[in-house]
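# Overview (structure and organization)
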Amino acid sequence: ASVGGGHWNTADGGSSSVGGGNSNTAMGGYASVGGGWTNAALAYGASVSGGYANKALGNFASVAGGIRNVALGSYSGVAGGRWNNATGYYSFVGGGLRNTAYGKFSSVGGGRDNIAQGDFTWVGGGESNTAAGGYALVGGGWDNAALGSFSGVAIG
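Counting starts from 1 at the beginning of each chain's written sequence and moves along it residue by residue. The model is predicted, so local features are restricted to residues of pLDDT at least 70 and side-chain atom pairs to those at 80 or more, both for listing and for counting; the totals for chains, interfaces and linings are taken over all residues. Remark: hydrogens and water are excluded; side-chain values derive from all non-hydrogen atoms of the structure.

## Re the sheet that holds strand 13 (residues 92-93)
Put simply, the rule is: Note on pairing: two strands pair once DSSP finds at least 2 bridges between them. Under the scheme used here, helices are H or I runs from DSSP no shorter than 4 residues and strands are E runs no shorter than 2 residues, and both carry numbers assigned from the N terminus.
In space, the eleven strands of this open sheet follow the order 1-3-5-7-9-11-13-15-17-19-21, with parallel pairing throughout. Single-partner strands in this sheet number two, and they are strand 1 (2-3) and strand 21 (152-153). Both strand 11 (residues 77-78) and strand 13 contribute to a ladder of two bridges, which runs parallel. Paired with Gly 77 across the bridge in strand 13 is Phe 92.

Here you go:
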């Protein structure tokens, strides 16, 4: 385990590391935090590049930056934004505000308050959109829902 610099950083786990910043934690084998403030990578191979109060909690989960983003599912990721969550296995949120990818292999590109709930679902962006059925998609717009399996809304 290693800490490159900064203040009040902790690296605990085989080959875990914190590059710098303030109050960052890397726990778990090969977990890493690049920098920023109060970030945590707490699982095997988890990583947070920077930002503020981001958490990578699943094995091989990753948060690139932003504020208060969480990658909980194994192999999940959040690129940036604020208050985004990737909780499903292999789920992803690109950015935006308060977006959540719950399902396995689900993704939200951006926007705000969007939810990709079912497995293999996708919301491109917009506001308050939901893709809930398996393989459902919503391209964008406002307050759209694709609730059935293989359902979709282009833009509304």
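## Quick notes on the packing of aromatic side chains
For the record, the criterion: Note on aromatic pairs: the rings of Phe, Tyr and Trp (six-membered ring only in Trp) are paired at centre separations within 6.5 Å, and the planes decide the class, stacked below 30 degrees, edge-to-face beyond 60, tilted for the rest. Accessible area is worked out with a 1.4 Å probe on protein chains only. A residue is then buried under 20% of its type maximum, exposed over 50%, and partly exposed in between. Here, a charge over a ring is recorded when the distance from Lys NZ or Arg CZ to the ring centre is within 6 Å and its angle to the ring normal is within 35 degrees.
Summed over all chains, the structure comprises twelve aromatic pairs. Here the aromatic rings of Tyr 44 and Phe 60 are separated by 5.4 Å at their centres, their planes lie at 80°, and the arrangement is edge-to-face. Pair noted here: Tyr 44 is in the loop between strand 6 (40-41) and strand 7 (47-48) and Phe 60 is in the loop between strand 8 (55-56) and strand 9 (62-63), with a separation of 16 residues, a long-range link. Tyr 44 gets classed as partly exposed once you look at its relative accessible area, which sits at 41%. Feature note: the residues Tyr 30, Tyr 44, Phe 60, Tyr 75, Tyr 89, Tyr 90, Phe 105, Phe 120, Tyr 135 and Phe 150 constitute an aromatic cluster, connected by ring pairs. When the ring centre of Trp 83 is taken as origin, the NZ or CZ atom of Arg 82, which lies over that ring, is 4.6 Å away.

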